[in-house]
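# What the coordinates show
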Amino acid sequence: MTGAGARARTGPDAAELYGREAQRAVIDAALVGIATTGASVILRGDPGTGRTALLAAG
């Protein structure tokens, strides 16, 4: 997942991720049923695109 211009101001708090609402919604929806469905989430992207921040914010 990439997001040009999406940066955290001081940390990976959900309120501090700008322009990533749609990506966070997809991740949140996937994680809701993960315990019962056995699904997995794979985030791909170039270094520095904010994958860790997205997961930490969820």
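Residues numbered from 1 in each chain as written. Predicted model: local features only at pLDDT ≥ 70, side-chain atom pairs only at ≥ 80, totals over all residues. Heavy atoms only, no water.

### Side note on the overall build of the protein chain
Broken down by element type, the protein chain carries three helices and zero strands. Looking at the 58 residues of the protein chain, the share that counts as buried comes to 22%. At a minimum sequence separation of 6, the contacts of the protein chain that also span at least 24 residues come to 49%. For the protein chain, the accessible surface area stands at approximately 4100 Å², while carbon and sulfur atoms represent 55% of it. (Helix = DSSP H or I, 4+ residues; strand = E, 2+ residues; numbered from the N terminus. Buried < 20%, exposed > 50% of the residue type's maximum accessible area, 1.4 Å probe, protein only. Contact = heavy atoms within 4.5 Å. Areas by Shrake-Rupley, 256 points an atom, 1.4 Å probe, with all protein chains shown as cover.)

### Examining the confidence of the model for the protein chain
On average, residues of the protein chain score 74 in pLDDT, and 72% of them reach the 70 mark or higher. Low pLDDT, under 50, characterises residues 1-12; the stretch is placed with 25 contacts to residues that sit more than four places away or in other chains. (pLDDT = per-residue confidence, 0-100.)

### What to know about the side chain of Thr 49
Within the secondary structure, Thr 49 is located in the loop between helix H2 (34-37) and helix H3 (51-57). Separated by 3.2 Å, the side chains of Thr 49 and Arg 51 make a polar contact. (Polar contact = N/O pair within 3.5 Å; in protein donor to acceptor, adjacent residues only side chain to side chain.)

### Things to note about the nonpolar core
Of all hydrophobic cores here, the largest spans six residues; its members are Leu 17, Ile 27, Leu 43, Ala 53, Leu 54 and Ala 57. Examining the composition of this core, we find that three residues originate from one element, H3, more than from any other. (Core = buried A, V, L, I, M, F, W, Y, C linked by side-chain atoms within 4.5 Å.)

### Let's talk about helix H1 (residues 21-32)
Between the first and last C-alpha of H1 there are 16 Å, a value that for twelve residues agrees with the 16 Å anticipated at 1.5 Å per step. Within H1 the residues assigned to the buried category are Gln 23, Arg 24 and Ile 27. Along the long axis of H1, the arc covered by the buried residues comes to 100°, so they all point the same way. Exposed side of H1, more than 90 degrees from the buried face: Glu 21, Ala 22, Val 26, Ala 29 and Val 32 are the residues found there. In this structure, the buried side of H1 is in contact with H3. (Expected span 1.5 Å × (residues − 1). Arc of directions from axis to C-beta.)

### Things to note about the environment of Glu 21
Position of Glu 21 among the secondary structure elements: in helix H1. The spacing of Glu 21 and Leu 54 is 33 residues in sequence and 9.7 Å in space, taken between C-alpha atoms.

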